[in-house]
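Structural description and commentary
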Amino acid sequence: MKLVSNQISPNFSFADALHAAWQIFGGKVVKKNEFEQIFYTEKFQLVSAARTALGLIAEDLKKRNARKKIGIPAFCCAVMATPFLEKNFEIEWIDTDEFGVISVADFEKKSDALAAILIPHIFGQRAPVAEIVKIARAKKIVTIEDAAHFFEKKCEKTDFKILSFGREKDVSCISGGALLWSDSLDSQTATKLENLNLRLPTKSWTAKHLLQPLVFSLSLPWWNFGGKVVAAACGKAFLPRAVTAAEKSGHEDFFAGKMPAAIQRVLRKSFENHDHDLAHRKKIAAAWRTELLKNFPEAKIVVPPNFLRVILIGVDRAEILKKSRKIGFHLADWDGSPIAPAGVNLGNFGYKKNQCPGAENFAKKYVTFPTNRRTNLSDVKKFAKLFGKK
């Protein structure tokens, strides 16, 4: 039985996986101006992951002797906070609205103590960037747009923009990210960022990441007939984890450096396919919306403008996930209440239960449905046909 998933190498077909693995053996270097044309700016650095970009921002804030708190919406992944915790910042957890998106009102309420605010577009839903920036600038708060779930060119509204190209993001190269900065950033900081000399990862680190899509491309179609065993064995032997045990405890545990040339080639190919991916996601999202309206008429259904997921809100999340697993749908996505993944030591992140009730409520009552390359119309029909029978 095929496994349909939001998170397990969803953006890599078998051909894509072969291309990624082949980069281990070398290839043409991607010139910086090729990415300049993609990002519409020269003001960027390609890094090993988005958390690396956040670490660079944290380092800059520390040198400015900024306030000691960083605002992060409470519905998030733990690695959005660990780079700041590692630099001895505290996290001011900001509540979300009913859709899991950062609350402008709660941000404004807590803003006086903040050095910076992180603004993510959760599951492709547009965050209220302009409203937050207006408040932040009046209080001299550094603004960081997190565009992992919604890629847009340049960095125009905020001081910084981080891009994540992880396995389940809007654009994917397995592991990688970028830091962009605005034209209005002070010249000293901009010059420092332009002249960064980041270290490269080892060849082993790069090879492990490049092989990951191939392992899952071979195992996912036969998940219940040996595929799960193969993936588990490879995971134990060499595959990197999205979030490590140390990161769940609030400590950095990821190589922070430059994106290697081999992964840059995978990233370039992903951008070449982006328009095709959007068309595919739009088609799958429309099918999900039609079927979910039939099965969950009382729930709210959100289709983000980039069709990254289809979000079902106001349902019994645990029950849907349980029933879905029986028919080969792994719909778990950012499992945490509210900070993902499950198992995060909330105390180490400075979060107390009921601190952000909106985020906690959303975390328990939503399910996202995949629209990625590995999901097709027959998968949607299978879910619609079998879900009610389990």
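Each value, and the rule that gives it
- All residue numbers refer to position in the chain's written sequence, counted from 1.
- Only residues with pLDDT of at least 70 are given local features in this predicted model, and only at 80 or more are side-chain atom pairs given and counted; all residues enter the totals for whole chains, interfaces and linings.
- Note: side-chain values were computed over all heavy atoms of the structure, leaving out hydrogens and water.
- In this text, buried Ala, Val, Leu, Ile, Met, Phe, Trp, Tyr and Cys residues form a nonpolar core when linked through side-chain atoms within 4.5 Å.
- Summary of the burial criterion: residues with accessible area below 20% of their type's maximum are buried, those above 50% are exposed, and those between are partly exposed, where the area comes from a 1.4 Å probe applied to protein chains only.
- Segments assigned H or I by DSSP are reported as helices when at least four residues long, segments assigned E as strands when at least two residues long, and all are numbered from the N terminus.
- Contacts were defined at the residue level, with two residues in contact if any of their heavy atoms lie within 4.5 Å.
- In this scheme, strands are said to pair when DSSP sees at least two bridges between them.
- Here a cavity is any set of points on a 1 Å grid over the protein atoms alone where a 1.4 Å probe fits but cannot get out, and a pocket is any open set with protein on both sides within 12 Å along at least 5 of 7 lines; a residue lines the site when it has an atom within 4 Å of a point.
- Grid points are joined across faces, edges and corners, and a volume is the space filled by probe spheres set on the points.
- Gly falls in the polar group here, along with every residue not listed as nonpolar (Ala, Val, Leu, Ile, Met, Phe, Trp, Tyr, Cys, Pro) or charged (Asp, Glu, Lys, Arg).
- For helices, the fitted line uses only the C-alpha atoms of the stretch in contact; every axis is such a line through C-alpha atoms, and the angle between N-to-C directions lies from 0 to 180 degrees.
- The scheme is simple: roughly parallel for angles under 35 degrees, roughly antiparallel for over 145, roughly perpendicular for 65 to 115, oblique for anything else.
- Each crossing is labelled by how the near helix is turned from the far one, with a counterclockwise turn of less than a right angle marking it left-handed and a clockwise turn marking it right-handed.
- For this document, the term salt bridge refers to a Lys or Arg side-chain nitrogen within 4 Å of an Asp or Glu carboxyl oxygen.
- A patch consists of residues whose relative accessible area exceeds 30% and which take part in no salt bridge; residues with like charges are grouped when within 9 Å of each other, and nonpolar side chains (Val, Leu, Ile, Met, Phe, Trp, Tyr) when within 5 Å.
- Using a 1.4 Å probe, accessible areas were evaluated by the Shrake-Rupley method; residue-level cover was limited to the displayed protein chains.

A short note on the nonpolar core
- Formed by 53 residues in total, the largest nonpolar core has its most connected members in Ile72, Phe84, Trp93 and Ile144.
- Considering each element in turn, this core owes the most residues, seven residues, to helix α3 (residues 50-63).
- Residue contacts for isoleucine 144: discarding those within four places in its chain leaves Leu54, Ile57, Phe84, Ala116, Ile117, Leu118, Ile119, Thr158, Phe160 and Ile162.

Some points on the pairing of strand β2 (residues 44-47)
- Here β2 shows two buried faces, one formed by Phe44 and Leu46 and the other by Gln45 and Val47.
- Bridge analysis of β2 against strand β8 (residues 177-181) gives four bridges, and the strand direction is antiparallel. Across the sheet, the residue bridging to glutamine 45 is leucine 179, located in β8.

Examining the layout of surface pockets
- Roughly 1200 Å³ of volume is contained in the largest pocket.
- Along the walls of the largest pocket sit 47 residues, with Gln7, Arg167, Arg241, Ala242 and Val243 positioned nearest its centre.
- At the level of elements, α3, β7 (160-164), α8 (203-219) and α9 (227-237) are the ones that each hand at least two residues to the lining of the largest pocket.
- Among the elements that line the lining of the largest pocket, the one with the most residues is α9, at four residues.
- Considered class by class, the residues forming the lining of the largest pocket number 26 nonpolar, 12 polar and nine charged.
- Gln45, Leu46, Lys258, Met259 and Gln264 are, among the 17 residues lining the second largest pocket, the residues nearest its centre.
- The element best represented in the lining of the second largest pocket is β2, accounting for three residues.
- A breakdown of the residues in the lining of the second largest pocket according to their chemical character gives 11 nonpolar, three polar and three charged.

What about unusual backbone geometry?
- Of the consecutive residues serine 337 and proline 338, the connecting peptide bond is found in the cis state with omega at 0°.
- With respect to the helices and strands, proline 338 occurs in the loop between β11 (329-330) and α14 (357-364).
- A cis amide bond links alanine 340 with the next residue in sequence, proline 341, at an omega value of -5°.
- Residue placement: proline 341 occurs in the loop between β11 and α14.

Some thoughts on the packing of helix α1 (residues 14-22) against helix α11 (residues 261-272)
- Two elements in contact, α1 and α11, have axes separated by 9 Å at closest approach and are oriented at 150°. By the angle between their directions, the pair α1 and α11 is classed as roughly antiparallel. Between α1 and α11 the crossing geometry is right-handed. On the side of α1, the interface is formed by Asp16, His19 and Ala20, while α11 contributes Arg265, Val266 and Lys269.
- By residue class, the composition of the contact of α1 with α11 is two nonpolar, one polar and three charged.

Some points on the sheet that holds β7
- Pairing within the open sheet is mixed, and its seven strands lie in the order β2-β8-β7-β6-β5-β3-β4. Whereas interior strands pair on both sides, the edge strands pair on one side only; in this sheet they are β2 and β4 (90-94). The mean inter-strand angle of the sheet, taken between neighbouring strand axes irrespective of direction, is 20°.
- Pairing of strand β3 (residues 69-73) with β4, which is carried by five bridges, proceeds in the parallel orientation.

Observations regarding the pattern of salt bridges
- Applying the stated criterion to the full structure yields 19 salt bridges.
- A salt bridge links aspartate 183 to lysine 154, with the shortest nitrogen-to-oxygen separation between them at 3.7 Å. With aspartate 183 in the loop between β8 and α7 (187-194) and lysine 154 in the loop between β6 (142-146) and β7, this pair connects stretches of sequence that are 29 residues apart.
- Classification of aspartate 183 as exposed rests on a relative accessible area of 54%.
- The exposure class assigned to lysine 154 is partly exposed, which follows from its relative accessible area of 24%.
- Lysine 294 serves as the salt-bridge partner of glutamate 291, at 3.7 Å between the closest nitrogen and oxygen.

Considering the packing of helix α2 (residues 32-39) against α11
- Two numbers describe how α2 lies on α11: the axes approach to 12 Å, and their chain directions differ by 35°. Crossing geometry of α2 relative to α11 is assigned as left-handed. Listed contacts from α11 to Glu34, Phe35, Ile38 and Phe39 of α2 are Gln264, Leu267, Arg268 and Phe271.
- Its residues assigned to classes, the contact of α2 with α11 comprises five nonpolar, one polar and two charged.

Some points on a nonpolar patch on the surface
- Taken together, the side chains of Phe14, Leu18 and Leu218 present a nonpolar region at the surface, about 290 Å² in accessible area.
- If you trace the backbone, phenylalanine 14 turns up in helix α1.
- Taking the relative accessible area as the measure of exposure, phenylalanine 14 reaches 42% and is therefore partly exposed.

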